[in-house]
Amino acid sequence: MAQTGKRQPALTNSSSRDAAEERTARLADAWGKLRAGDHKAAIAAAHAMAAANEPTAPELLFAGEAHFAMGNFRGTDNLANRAIDTYPEDINARVLKCRALMAMGQLGPARDQALELASMEISDERHIEVLVTILGGLMEPAAAYPLCRQSVERNPADPRAQRRLALTCRMIGRFDEAQKAAEIAIAANPHDYEMIGLRSAVSTATPDNNHIAAMEKLIEAGCRDALGAARVAYALAKENEELGDYARSFKYLDAGSKFKRHTQKYDLNRDLEIFGLIQKSFSRDNLAGKADGLRTSEPIFILGLPRTGSTLLERILSSHADVYAAGELLHFNTAMSAELQRIGAPADPAGQLSKVFECDPARIGASYIERTRPFTGHTKHFIDKRPLNFLLIGMISMALPDARIIHVRRTPLDACFAIYKFLFNDAYPWSYDLDDIARYYIAYRRMMEHWRDALPGRIIDITYEDIVQEIETETRRLLDQLALPWDPACLRFHEYETAAMTGSAAQVRKKVFSSSVGRWNDYEEELKYVAFALETAGFDPYTP
């Protein structure tokens, strides 16, 4: 008996090792199925692991990843919570939870989780990649910066780490650091077209310090894809303009816009048809006497066209103690779409517009405000700076009758050219053809005329040129219209390190400058068709 008793632990240990090895093998097999796209088998394995007695952290994490791959984000969150409760020190579980919260649109809890993680020691590059992306998307790039620095300091030669640092530094205004990081990433991969574009965006070309020769060589050799060629061409256009070679700059703009158009399918006529439907639906008669929406003056909408000064105005106003810049939000459109779905409106634009006055405006207003939380609500007002909200002014006026609506406009020819010379990510597909830009601009101006007629006194107009030339006078006037007291911090907007996520990230870090006013003069010949189209439509191309 004694001899048997001595051997028993050895048998138990062997059995435990066998069981552990078997679980490890099952986990590896399950990961193989998930990576191969066999979601049915992966989910079956996930259920078995989650239901097992005392599942390990890797098993719970795999189960969460399997549910995430299937779009069951709530299931992922539940499994991540189980892992966190059982293994509180496991960073993997917390990162998985953060991803699940983001996927479910629970942005406040996701931000809290990401900020907590950012304060920890994290060495896994995959986790840093996820957290930097999430924090950037949640307007918290300053919190991502230390993670980026730690990653670069651990491995300065890693181009992925340098790319993250460059992108984050651009958002928070560390342009010299962004340029250096981009240079390292480009040295590692001369075809990193995004970094090539960023490098030019955060620097100013001079005769002794520019990247034109290297980029021209890249263009001549042939870029690997159309979007990459577009990025290089737009960077060449910017640097040539800064050197005063306007003809060469426009040549690259023309080439870049053609490259970009190769990457998309777009028909302007469909957009213009929707413009007409909106004006017909939201007529002055239809808008008159409609039920009030949510009575709150918290939102301030800044809208119009991109590249017309809206980011500058946002920075000025959000420097006020009572105003928070919430960014370019999709929340109003989402709230309106949810209400249309609730009442059973068709999915097509015409069908939705035919049902729009059956919506409950107060429900849309309340849903919109709720969707902006918890980022908003800490100040008396917040700014929603989505330019295309100019299409939604009718519903905004119904859902949020006390909201302020500020329309920023700019000298038409300058506005059209500023749009044409900027490479957007996925927005504004009409911006890569001067004919499309002219037609869209005309439709936009007619839309704004419609809103002024249908909603008299509802829109505050301000021009970019007036802000640039008389910043204090215009800011005081605007604050009066917003019923806000004077705050001298508004004139020091360029000193604050809040995130800037738009194409104007570099400009708004500087004091107001007027060099962009009248920029069309340097391209008068190239823009003559746009000027003709605007004049023919009844708009003075040279007057704001």
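A brief look at the structure comes next. Starting from 1, residues in each chain are numbered consecutively following that chain's sequence as written. Residues qualify for local features only when their pLDDT is at least 70, as the model is predicted, and side-chain atom pairs are given and counted only at 80 or more; totals for whole chains, interfaces and linings, by contrast, use all residues. Working from all heavy atoms in the structure, the side-chain values ignore hydrogens and water.

Points about the overall build of the protein chain
When helices and strands are tallied, the protein chain shows 26 helices and five strands. Principal-axis analysis of the C-alpha atoms places the extent of the protein chain at approximately 105 × 65 × 45 Å. Summary of the burial criterion: residues with accessible area below 20% of their type's maximum are buried, those above 50% are exposed, and those between are partly exposed, where the area comes from a 1.4 Å probe applied to protein chains only. Counting every position in the protein chain, which comprises 544 residues, the buried fraction comes to 49%. We call two residues in contact when some of their heavy atoms are within 4.5 Å. In the protein chain, the share of contacts with a sequence separation of at least 24, taken over all contacts with a separation of at least 6, comes to 72%. Each accessible area is a Shrake-Rupley result for a 1.4 Å probe, and residues are judged covered by the shown protein chains and nothing else. Counting only carbon and sulfur atoms, one obtains 51% of the accessible surface of the protein chain, whose full area is about 25,200 Å². Here Asp and Glu are counted as negative and Lys and Arg as positive; His is not counted, and neither are the chain ends. Where a charge lies is defined by one atom per residue type, namely NZ (Lys), CZ (Arg), CG (Asp) and CD (Glu). Side-chain charges in the protein chain split into 66 positive and 74 negative, and the spacing between the mean points of these groups amounts to 3 Å. Helix and strand definitions follow DSSP, with helices as H or I runs of at least four residues and strands as E runs of at least two, each counted in order from the N terminus.

Looking at the layout of surface pockets
Estimated volume of the second largest pocket: approximately 830 Å³. Those elements that place two or more of their residues in the lining of the second largest pocket are α15 (268–281), α18 (331–342), α19 (349–355), α21 (393–399) and α23 (434–454). Broken down by element, the lining of the second largest pocket gets its largest block of residues, seven residues, from α15. Detection works on a 1 Å grid of protein atoms alone, calling trapped sets that fit a 1.4 Å probe cavities and calling open sets with protein on both sides within 12 Å along at least five of seven lines pockets, with lining residues defined by an atom within 4 Å of a point. Grid points are joined across faces, edges and corners, and a volume is the space filled by probe spheres set on the points.

Here we look at the pairing of strand β4 (residues 404–409)
Judged from the five bridges that link them, strand β1 (residues 299–304) and β4 form a sheet pairing that is parallel. Residue leucine 303 lies in a different strand from β4, and its bridge partner there is histidine 407. Only strands joined by at least two bridges in the DSSP assignment are considered to pair. As judged from the five bridges shared by β4 and strand β5 (residues 459–463), these two strands associate in the parallel manner. Counted as the bridge partner of valine 408 is isoleucine 462 from β5.

A look at the sheet that holds β1
Ordered by their spatial adjacency, five strands build an open sheet running β2-β3-β1-β4-β5, and the pairing between neighbours is parallel. Among the strands making up the open sheet, the edge pair consists of β2 (323–325) and β5. Across this sheet, the average inter-strand angle for adjacent strands is 25 degrees, counted without regard to direction. Together, β1, β2, β3 (381–384), β4 and β5 form the strand contacts of helix α17 (residues 310–318), whose direction differs from that of β2 by roughly 140 degrees. Here an angle of 0 to 180 degrees is reported between the N-to-C directions of two axes, which are lines fitted to C-alpha atoms, with helices fitted over the stretch in contact. Together, β1 and β3 form the strand contacts of helix α20 (residues 361–372), whose direction differs from that of β3 by roughly 95 degrees.

Considerations on the side chain of arginine 111
With respect to the secondary-structure elements, arginine 111 resides in helix α6 (residues 107–118). Here arginine 111 falls in the buried class, since its relative accessible area comes to 15%. With sequence-adjacent residues up to four places away left out, arginine 111 is seen in contact with Leu138, Glu140, Pro374 and Phe375.

Focus on the packing of aromatic side chains
Ring pairs shown here join Phe, Tyr and Trp side chains whose ring centres sit within 6.5 Å, with only the six-membered ring taken for Trp; geometry is labelled stacked below 30 degrees between planes, edge-to-face above 60, and tilted in between. With the rule as written, the count across this model stands at 21 aromatic pairs. With a centroid separation of 5.1 Å and an interplanar angle of 75 degrees, the aromatic rings of tryptophan 31 and phenylalanine 62 are classed as edge-to-face. One end of the pair, tryptophan 31, is in helix α1 (residues 2–35); the other, phenylalanine 62, is in helix α3 (residues 57–69), with 31 residues separating them in the sequence. By way of ring pairs, the aromatic residues Phe275, Phe390, Phe422, Phe424, Tyr428, Trp430, Tyr440, Tyr441 and Tyr444 are connected into one cluster. Our definition puts a charge over a ring when NZ of Lys or CZ of Arg is within 6 Å of the ring centre and also within 35 degrees of the ring normal. The side chain of arginine 99 reaches across the aromatic face of phenylalanine 68, ending 4.5 Å from its centre. Above the ring of phenylalanine 422, the side-chain terminus of arginine 307 is found at 4.3 Å from the ring centroid.

What about the nonpolar core?
Definition used in this section: a nonpolar core is a set of buried Ala, Val, Leu, Ile, Met, Phe, Trp, Tyr and Cys residues joined via side-chain atoms within 4.5 Å. Counting residues in each nonpolar core, the largest one holds 117 residues, and the members touching the most others are Phe282, Phe332, Tyr368, Phe390, Ile393 and Trp451. Considering each element in turn, this core owes the most residues, twelve residues, to α23. If we ignore the near neighbours within four places in the chain, the residues touching isoleucine 393 are Leu303, Ile405, Met448, Trp451, Leu455 and Ile459. Counting 21 residues, the second-largest nonpolar core is a separate cluster that includes Val323, Ile383, Leu478 and Leu484.

Details of the environment of threonine 308
Tracing the sequence through the fold places threonine 308 in the loop between β1 and α17. Residues contacting threonine 308, with those up to four places away along its chain left out, are Val408, Arg409, Arg410, Ala415 and Tyr464. Looking at threonine 308, its side chain comes within polar contact range of the main-chain oxygen of leucine 305, at 2.6 Å. For this analysis, a polar contact is any N or O atom pair within 3.5 Å, provided that within protein one partner can donate a hydrogen and the other can accept it, and provided that sequence-adjacent residues contribute only side-chain to side-chain pairs.

Overview of the pairing of β3
Where burial is concerned, the two faces of β3 agree: the one with His381 and Ile383 and the one with Phe382 and Asp384 are both buried. Inspection of the sheet shows β1 paired to β3 by three bridges, in the parallel sense. Bridge pairing in β3 places phenylalanine 301 opposite aspartate 384. Note: β2 against β3, three bridges, orientation parallel. Directly across from valine 323, in β3, lies its bridge partner histidine 381.

Here we look at the pattern of salt bridges
Note on definitions: salt bridges are taken to be side-chain nitrogens of Lys or Arg within 4 Å of carboxyl oxygens of Asp or Glu. In total, this model carries 35 salt bridges according to the counting rule given. Across the pair aspartate 158 and arginine 160 runs a salt bridge whose closest N-O atoms are separated by 3.4 Å. On the basis of relative accessibility, which here comes to 54%, the residue arginine 160 falls in the exposed class. Each of Glu125, Glu129, Arg154 and Arg164 takes part in a single network of salt bridges with overlapping partners.

So, helix α4 (residues 73–86)
Helix length check: α4, at 14 residues, gives a terminal C-alpha distance of 20 Å against a target of 20 Å (1.5 Å per residue), a fit within 8%. Gly75, Thr76, Asp77, Leu79, Ala80, Ala83 and Ile84 are the residues of α4 that are buried. How far a helix is expected to stretch is found by multiplying one less than its residue total by 1.5 Å.

Observations regarding the packing of helix α9 (residues 159–172) against helix α10 (residues 175–188)
Two elements in contact, α9 and α10, have axes whose closest approach is 8 Å; the angle formed by their N-to-C orientations is 150 degrees. Compared by their axis directions, α9 and α10 come out roughly antiparallel. Considering only the axes of α9 and α10, their crossing is left-handed. Along its contact with α9, which presents Pro159, Gln162, Arg163, Leu165, Ala166, Cys169 and Arg170, the element α10 presents Phe175, Glu177, Ala178, Ala181, Ala182, Ile184, Ala185 and Ala188. Side-chain classes follow a simple rule in which Ala, Val, Leu, Ile, Met, Phe, Trp, Tyr, Cys and Pro form the nonpolar group, Asp, Glu, Lys and Arg form the charged group, and the remainder, Gly included, forms the polar group. Here the residues of the contact of α9 with α10 sort into eleven nonpolar, one polar and three charged. Angular relationships are summarised with four words: roughly parallel below 35 degrees, roughly antiparallel beyond 145, roughly perpendicular across 65 to 115, and oblique for the angles in between. Here a crossing is called left-handed whenever its near helix is offset anticlockwise from the far helix by less than a right angle, and right-handed whenever the offset is clockwise.

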